[in-house]
Amino acid sequence: MMPIPYEAFPSPAFVLDENRLRQNLALIDKVQKAAGVSIILAFKGFAMWSVFPIVREYLPGATASSLHEARLCFEEMGVKAHTYAPVYREAEFEELLSYSSHLTFNSLSQFQRFQGRVLQHGQVSMGLRVNPEYSDVETALYNPADPHSRLGELEEALKDGLPDTIEGLHFHVLCESDADALEKTLEAFEKRFGHLLPQIKWVNMGGGHLMTRKGYQLDRLIKLLSDFRQKHDLDIILEPGSAIAWQCGELVATVLDIVERRGIQTAILDVSFTAHMPDTLEMPYVPAIQGAVPPREELPSYRMGGTSCLAGDYMAAYSFEKPLQVGDRIVFEDMIHYTMVKTTTFNGVPHPSICLWTQDGQAKVIRSFGYENFKNRLS
């Protein structure tokens, strides 16, 4: 596979590698066919709609968490969305229905409020989100399985069964997890909600299934899904966010200045962690940089400083084989999933261009951003 010539792209830029994307999609397609399930794209993790035609070669659809995502699915993927949101807006609901094939409610109260309109509309399958109260996620910000979580109904609310018009159950408690975590989740799900399964047609197992990560137990995943599907005679849906674009592209940046403060060197870049890579501060995690290693005393070492004025807009620390210079390219790895979808123009910092490295070795700039993009978000 031809290495990507990052110097061929503007800086800063998100660069998606079509070959790597297709490899991930082919693997996911293999899993869904072997297990007899449907795996759909979660826009919350990856919504680069210019490559939706590629995604549709492998996956049957997508999941949406808002009116805008559902409309994007309908207009750019050409299919209706599996829609779930923590709450639905009265003024948006009719339009949302027109873009949805499945609609999952977060609470029984929301279901009771809107079910009549869904039934009147017709051709939309209703579901209910539940909380199995198990998750392997350790970061509280990403763990929806707390017993006090606002996301999903608890088992005590459903002791007497489901409303007749609910056709599916939905849970989402994983984040970049392995098959072991799914197995434990299914045990908790069946323990708390197994009595409801004869009443429904489908189960949506949410996202967090990082099946494209090296070392993921694919055979175990396939067996878990296939056994569950056959045991309960249900349609099974998965909606991974990270797995689709996992390690499929980079964020290219440039060193604009190097400052030294009491022995600490900082390379100031033309990107921002808070504006362009918020997960690195929220999760938090240290993103990999091509050619860099963990800090070593004998090597030149630097913090990476963002371009915004936020004091905490930096990441420490990296070592390099040779000193950095102004103008050097810095390539952050694995910056496509849950990155482009969360960017802002805080401080007026320019948004990185969105680019594609095609199968046949072409460097394409899909979209560039300027002042109007910043201005039009304000008033």
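Structure shown above.
Residues numbered from 1 in each chain as written. Predicted model: local features only at pLDDT ≥ 70, side-chain atom pairs only at ≥ 80, totals over all residues. Heavy atoms only, no water.

A. Summary view of the nonpolar core. Core analysis: the largest hydrophobic core is formed by 100 residues, its most contacted members being Met304 and Phe332. Sort the elements by how many residues they give to this core and helix H6 (residues 179–193) lands first, with six residues. Counting residues in each nonpolar core, the second largest holds nine residues, with Ile4, Tyr6, Phe9 and Ala13 among its members. (Core = buried A, V, L, I, M, F, W, Y, C linked by side-chain atoms within 4.5 Å. Buried < 20%, exposed > 50% of the residue type's maximum accessible area, 1.4 Å probe, protein only. Helix = DSSP H or I, 4+ residues; strand = E, 2+ residues; numbered from the N terminus.)

B. Just unusual backbone geometry, in detail. Residue proline 284 follows methionine 283 across a cis peptide bond; omega there is -15°. The residue proline 284 is located in the loop between helix H10 (279–282) and strand E13 (301–305) in this model. Of note, the amide linkage connecting alanine 316 to alanine 317 takes the cis form, showing an omega dihedral of -15°. Examined against the element boundaries, alanine 317 turns out to sit in strand E14 (residues 314–319). In this structure, glutamine 123 takes a positive phi of about 65° despite not being glycine.

C. Main features of the pattern of salt bridges. In this structure the tally under the stated criterion is 21 salt bridges. Residues lysine 159 and glutamate 155 are paired through a salt bridge, measuring 3.7 Å at the closest nitrogen-oxygen approach. For the salt bridge of glutamate 298 with arginine 296, the shortest nitrogen-to-oxygen distance reads 3.0 Å. A relative accessible area of 57% means that glutamate 298 is categorised as exposed. Put simply, Glu90, Glu94, Arg113 and Arg117 are held in one network by salt bridges that share partners. (Salt bridge = Lys/Arg side-chain N within 4 Å of Asp/Glu carboxyl O.)

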